[in-house]
Structures are given as structure tokens and as C-alpha cells.
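Here are the chains, one letter per residue:
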Amino acid sequence: MSALEERLRDLPVPEDDAAEERAWLVISAAYADRAQAPARRPVRRLVAAAAAAVAVAVLALTPAGAEVVDVVRDVVGIEDAQTLPELGPLPAAGELLVDSEAGPWIVRDDGSKHQLGDYGQSTFSAPRGLFVAATDGRRLVALGPTGEVRWTVTAPATVSDARWAPSGFRVAYRSGDDLRVVSGDGTGDHLVAGGVAPVAPAWRPTASLKLAAAVGEPGPEQLTYVDAGGRVHLVDADTGETIRGGASPAALFNRDRYGPLRQIAWSASGERFVGSWDRALFAEVIGHGPNPSDAEYVATRGDRITETALAPRGDDVAVIERGGGTSTIRRIEFNRGHASDTTLFAGPGAVEGLKWSPDGRWLLAGWRDADQWLFIRADRPRRLVAIDEVTEQFAPEGGDAAFPRVSGWVLPQR
Amino acid sequence: MSAAEQASERLPAAPRATWLGRREGALVRAAQNGSEDALEELFRRHWRPAHRAAYLIVHDSAAAEDIAQESFLAAIRALDRFDRRRPFGPWLHRITVNRAIDFSRSRRIRSEVGIPPGLEGEAAPPAQPELSDELLAALAGLGPEQRAVVVLRHLLGYTPSEIGEMLEMPRGTVNSRLRRALDRLRPLVEEGEG
């Protein structure tokens, strides 16, 4: 053995034993999935594209007003930025649904707004936001556009994370540790699964399901949820029968390394599933039909991913990452198994409530520490419109109120 | 037994008793047929060399772990199509080393592009590799392909021809890269010998 060979063999590799055991957990889980899962393309690391560097907004936390604009203009690759003192016409068409401490509000694209009542979390009905589902303790309440109550169901435990199906015909929600579904007219409330994780369920859009189109039937409403063990299940929302399960992507992720699974979502086409862990993003292309036709993994590691939002068209994903006191918004684009990411914004403090505009050209996020909403144009030319002093605009009683969170952005039926 | 097989068996770790001493082809066949024990034996035989090779190329322990993990995952996904008459080690090492080269290249590109003010330490990958050893530091001074050539030749024991096939480069290029790399590493190694 040469001296070089000996030195290379003897160099200490950090955490060698622990890494081996972590790897075996992942490999054995993948092997267990192998019999059930389709062939998958390799894991790919997200590569920060060179383009990222020129599209970054780096903002110092400054007093509200024009000072922020100056910072933006001085530092960033954003071509145009402005700060507005209050809500005016939105930069993109549509209506916002906003959860405030006082209850949910509807904000129209001309800047006018009205409160729907004193409720907790809210969600628009799909696809046009004709109704709103809101939580109220153990009650799930469906509201009309002016806040009138259409129906109410009372669940066994506190209701949270209501999500309206893309078809508009079902609403899924969590009640304690249960996952339940009710029809869009308030009937047929039923248990789908018990022992679910505190992760909002995600409906799979099935409008483009070719098989259903071929036979002229809508097919089952497909609902995805995460169980307490971190495994992802795709089920028929009416029967609870598994459409795809067991071959869980969660099995491929080491909880100790990537943290718990926080959020799941489907692309508008219903073909790309995205799950986000604290420090990893997973995307899988799942073909329609009884057997998934293809799948892929994309993983990234870095700061903690706090939110994920899929674009209303295509497969782009926007994420908020948090680390070292800074929040960063990135846009991730998929292209034939490769992924590239562009940093759209980075600023100190907490950024939350990430939503795409219905046309997919703008992103809206709440910058809590600056008490601002940020409208960020996701494609070129880059623009940023900041709405200032947001909290007091949704606190009719005045006083200290929580920062309002945007829960939906839809293009309403006119 | 090929040099590659010999190399892959130099660093065994906790082999499963049932499969101890079984030929690799038998292990692959058993793993293809659903034996997790056989898979674990394959994993234990090959993890450490693959992990170490990745680490010596990327000099980032977290990235090396990911690269080695991903390489094994890729191997498992392709297990059913694997020709078991071929040795498993070179197949795995080829995946691992090429991934490690890709990672090193992408990191170099990112560091050349630069990170905007205010994002240092946030969006950037680790700026400095983990260099607690002078040999590691010297390896870091080589390009990713040169490091890969050194690792494949002097850690994993492949011949220049085999390395050329793995990295898709002519044998002459392998030899010249090895020679240049060794010229830079030799003083350290000789110093260590002395």
C-alpha cells in the first residue's frame, strides 16, 4: 500500500458512523418502497442558478415609507419598486382572502374590502371564490360573499386547515387528529382518516384526468394527507380508499436530518406533487391512471423552508426560507428533472402567507416585521410593490393586533 | 477478482453474518429478489468507500453524505436492471464520483458568481471546505476532476483505463491529471513518511 493510499484511507471523515446509520435508514426505506413504487429518476440537488444573483432583493429593515423604496432601488436587481401607504388597486386582478385577528376579510382588486365576520382560519372555495369556508372552534362554516352563513357542520374536535376541492364539490378539514370531508352543500360530513399529522390536506386537481375524460365520468375526488408517522397518502375522499400509498416519499427522508414534513401541495395539472420538510423540498411527477407513469425527486438543503406555494399554472414552486434572522423567497423552476432556483427577495425578520396571483405573474407575501405586504413580480421585469402599515388596516377596533395573513387569491366570477 | 472488487472489499464494516463471505453476484441476485439482508450486506460493504470518496472530492461532510446516499438510492432504483455478472462496486463508484464532481463544479460556479451583500452565510453554500488535515487542504487545491482521479486511483484502486471509462476521458488524460496531482501531493506524503 502506498503512503498516499494509506493517508487517504486514514483521513477522518466527520460523522462517519452516524452517516452510515442514517443512510441505511433511508436506503432500507427506499428498498421497501421499491416493490410498490415506479422507476424514479435520481435525486437532484437544487443548484442555485447564476441568474439568482441578479434577481435578488436585499432589504434592510427600515422605517416604513419611502426609505424602504430607496433601499430597494439602491441594492437590488428589481427594476421598479414602490411603497404605498395603504391598500389601493392590486397590481394583479383578483380578490384576496385575509385572515386577521378580527376575522376574515375580502379585499377586491380595486383596494376596497369588507369583513366576513368573527371567525378563525378561512379558505376560498375553488375555482372562483364564490364561497368561503371558515373555522369557528369545533364548527366549520360556509359563508357567502358578504359573510352570510350558508351552512355549518359541527365536528368532534377543533376544526383547522379547511381546504376546498378544486371541483368545488367537497371541503376537507382537520378535526383534532382526524381528517374529515363534507360536501360543498354541507351534507355528507364523514371521517376519512384518523391519526393525521398537523399538516393541511391537499386536493389533487383531477380535471385533466385523461382516463375520466375518456369515460365521461369525473372520477373520484383525490385527497392527499400526511399521517402521524409522516407518510403521505392519496385517497378517494368519499370512500377513504387508498389510491396511492405506502410508497411514501416521506420514507426517503430522514426526519432527524430534514425535520418533519410541513406542507404538501399539487400543481394545477394534478401531475406534480410537492412536499416540503424543514430543510428539503421533494417533488414527484405522478402520471394519471392507476399506475404512476413517472416520478422524480428534487431535494435542496439550506435554511428552514417555512412555506411552499405552487404556481397556478405550470409547475413552478415558490418557497420561503428562514435562517439567521433572514427570510428569503425563492422561485424554483422544474425542467425535465432539473431544477433551478431564483431568489426573489430576502429581508430580515419573518415573511409569511405566500400566495401566487391567479395569473401566475405576481407573488404576495406578508413581511410581518416591516408590517408590509410585498407584491413581487415573479417574472421580468422585476417589480416590487410594498403596502405599508397593513395591520391597522385590518384592525377596526384599533390597538395591538396580529399581523393579517393572506389565505387566498382568486379570480372571481364577474 | 478485479482491482475494483478488491478495493471495494478493503473497507468492510459490520457485515451481516448470514451473508458474510458471499460473492457479490449472489448478493445482488438476492437483493433483486427481495432480500433486505443481502441489500444490507451490499450496503455495508460499499457505503464507507463511497462516502469517503465523496468526502475527499467535495470536502463537505453533509454534501458527501447526501451524494453517497443519493448514489445508493439511484443504484436501488436501477437494481432490477443491473447485470449481476458485473461487479457492483464500480457501478456505484461511477455514480458517486460523477455526482461529487458535479457538486464541486456547481459550488465553484456559485462562488464565482458571488452572493449579493447581506446574504453571505445565508443563501451561500459553505464558503470554506472542512480542512482539518493538510492532505485535505492540498487536495482542495486541485480541480474536482483531479481529485476524483486521485481518489479513484489511490483510494479505490482503479486502473487508469477503468478511471477513463468511469469519467469518460481518455486514459492519457487520466494519466496526465494523476501525474500533475501527485506532483503537488507528493511532498506532503513524503513528509508524512519521513
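Everything that follows concerns the structure shown earlier in this document.
Residues numbered from 1 in each chain as written. Chains lettered and ligands numbered in written order. Predicted model: local features only at pLDDT ≥ 70, side-chain atom pairs only at ≥ 80, totals over all residues.

**Notes on the overall build of chain A**
To keep it simple, the criterion reads: To qualify as a helix, a DSSP run of H or I must reach at least 4 residues; to qualify as a strand, a run of E must reach at least 2; elements of each kind are numbered from the N terminus. For the exposure call, what matters is how many other C-beta atoms sit within 10 Å of a residue's own: 20 or more marks it buried, 12 or fewer exposed, and in between partly exposed, using C-beta atoms placed from the backbone. A pair of residues counts as a contact when their C-beta atoms, built from backbone coordinates, are separated by no more than 7 Å.
For chain A, the count of helices and strands is six helices and 31 strands. Each of the 414 residues in chain A was classed as buried or not, and the buried ones make up 47%. Contacts in chain A between residues at least 24 apart in sequence constitute 48% of all its contacts with a sequence separation of at least 6.

**Describing the pairing of strand β30 (residues 383-387) of chain A**
All names here are of chain A. Test applied: At least two bridges found by DSSP between two strands is the condition for calling them paired.
Among the five residues of β30, four are classified as buried, and the element is accordingly described as predominantly covered. By the bridge criterion, four bridges tie strand β29 (residues 372-377) to β30 in an arrangement that is antiparallel. Residue pairing for β30: Leu374 is matched across the bridge by Ala386.

**Some points on helix α4 (residues 61-77) of chain B**
Basically, it comes down to this: Multiplying 1.5 Å by the residue count of a helix minus one yields the expected span of that helix.
In this model α4(B) runs 24 Å from its N-terminal to its C-terminal C-alpha over 17 residues, within 8% of the 24 Å that 1.5 Å per residue would give. The buried fraction of α4(B) is high, at 14 of 17 residues.

**Re the pairing of strand β21 (residues 281-285) of chain A**
All names here are of chain A. Most of β21 is tucked away, with five of its five residues classed as buried. Burial along β21 is two-sided: Leu281, Ala283 and Val285 and Phe282 and Glu284, pointing in opposite directions, are all buried. Taken together, the five bridges between strand β20 (residues 272-277) and β21 define a ladder with antiparallel strand orientation. Its bridge partner lying in β21, Gly275 is registered against Phe282. Between the end of β20 and the start of β21, which pair antiparallel, lie three residues.

**Notes on unusual backbone geometry**
All names here are of chain A. In the Ramachandran plot, Asp371 falls in the positive-phi region, its phi being about 55° despite a non-glycine side chain. Among the secondary structure elements, Asp371 is positioned in the loop between β28 (362-367) and β29. On the neighbour-count criterion, Asp371 (17 C-beta atoms within 10 Å) is partly exposed. Despite not being glycine, Glu389 has its phi angle at roughly 45°, a positive value.

**Quick notes on the sheet that holds strand β14 (residues 190-193) of chain A**
Residues and elements named next belong to chain A. Basically, it comes down to this: With axes taken as lines fitted to C-alpha atoms, and helix axes fitted only over the stretch in contact, angles between N-to-C directions fall between 0 and 180 degrees.
Pairing in this open sheet of four strands is antiparallel, and the strands run β11-β12-β13-β14 from one edge to the other. The open sheet has two free edges, formed respectively by β11 (159-164) and β14, since each of these has just one partner strand. Taking the axes of each pair of neighbouring strands and ignoring which way they run, one obtains an average angle of 30° across the sheet. Sheet topology note: the strand β12 (residues 170-175)/strand β13 (residues 178-183) ladder contains six bridges and is antiparallel. Directly across from Arg174, in β13, lies its bridge partner Leu179.

**Side note on the packing of helix α7 (residues 144-154) of chain B against helix α8 (residues 160-167) of chain B**
All names here are of chain B. How we decide: We call two directions roughly parallel when the angle between them is under 35 degrees, roughly antiparallel when it is over 145, roughly perpendicular when it lies between 65 and 115, and oblique otherwise. Two helices cross in a left-handed way if the nearer one is turned anticlockwise from the farther one by less than a right angle. They cross in a right-handed way if the turn is clockwise. Ten residue types, Ala, Val, Leu, Ile, Met, Phe, Trp, Tyr, Cys and Pro, are classed as nonpolar, four, Asp, Glu, Lys and Arg, as charged, and the remainder, Gly among them, as polar.
Relative orientation of the contacting elements α7 and α8 amounts to 135°, with a least axis distance of 10 Å. Between α7 and α8, the angle is such that the two are oblique. Judged by the sense of rotation from one axis to the other, the crossing of α7 with α8 is right-handed. Residues Glu145, Ala148, Val149, Leu152 and Arg153 of α7 form the contact with α8, whose own contacting residues are Ile163, Met166 and Leu167. When grouped by side-chain class, the residues that make up the contact of α7 with α8 number six nonpolar, no polar and two charged.

**With respect to the nonpolar core**
Stated precisely, the cut-off is as follows: Remark: nonpolar core denotes a set of buried Ala, Val, Leu, Ile, Met, Phe, Trp, Tyr and Cys residues whose joining runs through C-beta atoms within 7 Å.
Among the nonpolar cores identified, the biggest contains 93 residues, and A:Ala133, A:Leu140, A:Ile329, A:Leu363, A:Ala365, A:Leu374 and A:Ile376 are the most heavily contacted of them. Top contributing element to this core by residue count: β28(A), with five residues. Leave out the neighbours within four places in its chain, and A:Ala133 touches A:Ser122, A:Thr123, A:Ser125, A:Leu140, A:Ala142, A:Ala162, A:Trp164 and A:Val171. Listed in part, the 52 residues of the second largest apolar core include A:Tyr31, B:Trp47, B:Leu92 and B:Ala181.

**Quick notes on the sheet that holds strand β8 (residues 132-136) of chain A**
All names here are of chain A. With antiparallel pairing, four strands are arranged side by side in an open sheet as β7-β8-β9-β10. The outermost strands of the open sheet, each flanked by one partner alone, are β7 (122-124) and β10 (149-154). Direction aside, neighbouring strands of the sheet carry axes that sit 20° apart on average. Here β7 runs beside β8; their pairing, made up of three bridges, is antiparallel. Residue pairing for β8: Phe124 is matched across the bridge by Val132.

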